[in-house]
Amino acid sequence: MWLIGLLALSGNVTAEVNPVALTALQTLSFGYIFAKNAVYGTLARYATDPANALGRRRLGEWLNVAAPLALAIGVINTVPLGGVSEGFRTQDVVMYGVHAALDLLALGLSLLALREMQTPVREREA
């Protein structure tokens, strides 16, 4: 998906596109895709054994990496980038914003659930 976006941008780039902004966009996009796939892979690997402390720690680490990247992608998708996103309509920006908000909500709830799961049962009852 990232490569398709890179190819689409490389054929569509005009002179007014800031190369630094375009590089930041592609770098954050790649990091976001990588981190989300790592979250899903870690979750699939350790979901069968929720008592595994190493699995919970790794999942928490990837969730902590994915959350700021999701926020950054949400900001980049909702703030128009000169020369690239000029054709976006208001509905497109709203949909990107809703997607980013739901993604951040899911990541945040996952982190909260993971932290709650790490608390021993005796401490929760006290």
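Located above this text is the structure these notes cover.
Rules and cut-offs
Residues numbered from 1 in each chain as written. Predicted model: local features only at pLDDT ≥ 70, side-chain atom pairs only at ≥ 80, totals over all residues. Heavy atoms only, no water. Helix = DSSP H or I, 4+ residues; strand = E, 2+ residues; numbered from the N terminus. Buried < 20%, exposed > 50% of the residue type's maximum accessible area, 1.4 Å probe, protein only. Contact = heavy atoms within 4.5 Å. Axes fitted to C-alpha atoms, helices over the stretch in contact; angles between N-to-C directions. Parallel < 35°, antiparallel > 145°, perpendicular 65-115°, else oblique. Left-handed = near helix turned anticlockwise from the far one by under 90°. Nonpolar A, V, L, I, M, F, W, Y, C, P; charged D, E, K, R; others polar. Phe/Tyr/Trp six-rings, centres within 6.5 Å; stacked < 30°, edge-to-face > 60°. Salt bridge = Lys/Arg side-chain N within 4 Å of Asp/Glu carboxyl O. Expected span 1.5 Å × (residues − 1). Polar contact = N/O pair within 3.5 Å; in protein donor to acceptor, adjacent residues only side chain to side chain. Core = buried A, V, L, I, M, F, W, Y, C linked by side-chain atoms within 4.5 Å.

Student: Help me understand the overall build of the protein chain in this model?
Tutor: Across its full length, the protein chain carries 5 helices and 0 strands. The order of α-helices and β-strands along the protein chain, N terminus first, is α-α-α-α-α. Put simply, the protein chain has 126 residues, and 26% of those count as buried. In the protein chain, 69% of the contacts between residues at least 6 apart in sequence involve partners at least 24 apart.

Student: Is there a simple way to think about the packing of helix H2 (residues 19-46) against helix H3 (residues 53-78) in this case?
Tutor: Geometrically, a packed helix pair is captured by the angle between its two axes and the distance between the axes. Interhelical geometry of H2 versus H3 gives an angle of 150° and a closest axis separation of 8 Å. The angle between the axes of H2 and H3 places the two elements in the roughly antiparallel class. In this structure, H2 meets H3 at a crossing whose hand is left-handed. Residue composition of the contact of H2 with H3, grouped by class: 20 nonpolar, 4 polar and 2 charged.

Student: How should the packing of aromatic side chains be read in this particular structure?
Tutor: Within a pair of aromatic rings, the relevant descriptors are the distance that separates the centres and the angle that separates the planes. In the structure shown here, the tally under the stated rule is 2 aromatic pairs. Pairing Phe30 with Phe34 gives two aromatic rings, centres 6.4 Å apart and planes at 25°, and the pair type is stacked. Linking Phe30 with Phe34, this pair stays in helix H2, spanning 4 residues, or about one helical turn. Taking the centre distance of 5.8 Å and the plane angle of 65° together, the rings of Phe34 and Trp62 count as edge-to-face. Taken together, the positions of Phe34 in helix H2 and Trp62 in helix H3 put the pair 28 residues apart, joining distant regions of the chain. For Trp62, a relative accessible area of 27% puts it in the partly exposed group.

Student: I tried to follow the pattern of salt bridges on my own but got confused; where do I start?
Tutor: A side chain of one charge can pair with a side chain of the opposite charge when the charged atoms of the two come close. One pass over the structure, following the stated rule, counts 2 salt bridges. Note that Glu61 is salt-bridged to Arg57, the shortest N-O span being 2.9 Å. One end of the pair, Glu61, and the other, Arg57, are both in helix H3, 4 residues apart, so they sit about a helical turn from each other. For Glu61, a relative accessible area of 40% translates into the label partly exposed. The exposure class assigned to Arg57 is partly exposed, which follows from its relative accessible area of 47%.

Student: Explain H3 here, please?
Tutor: In an α-helix, one full turn covers 3.6 residues, which means residues spaced three or four apart are oriented alike. Here H3 spans 37 Å end to end across 26 residues, near enough to the 38 Å set by a 1.5 Å rise per residue. Three or more residues of H3 are buried, namely Gly55, Arg56, Leu59, Gly60, Leu63, Ala66, Ala67, Leu69, Ala70, Ile73 and Gly74. You can read the cap of H3 off the contacts: a side-chain oxygen lies 3.0 Å from the backbone nitrogen of Leu54, and it is on Asn52.

Student: Where do I start with the nonpolar core in this structure?
Tutor: Across soluble globular proteins, nonpolar side chains have a tendency to be buried as a group. Core analysis: the biggest nonpolar cluster contains 13 residues, and Tyr32, Val39, Leu59, Leu63, Ala66 and Leu107 have the highest contact counts within it. Of all elements in the fold, only H2, H3 and helix H4 (90-118) reach the threshold of two or more residues within this core. By residue number, the principal contributor to this core is H3, which donates 7 residues. The residues contacting Val39, other than those within four sequence positions of it, are Leu59, Trp62, Leu63 and Ala66.

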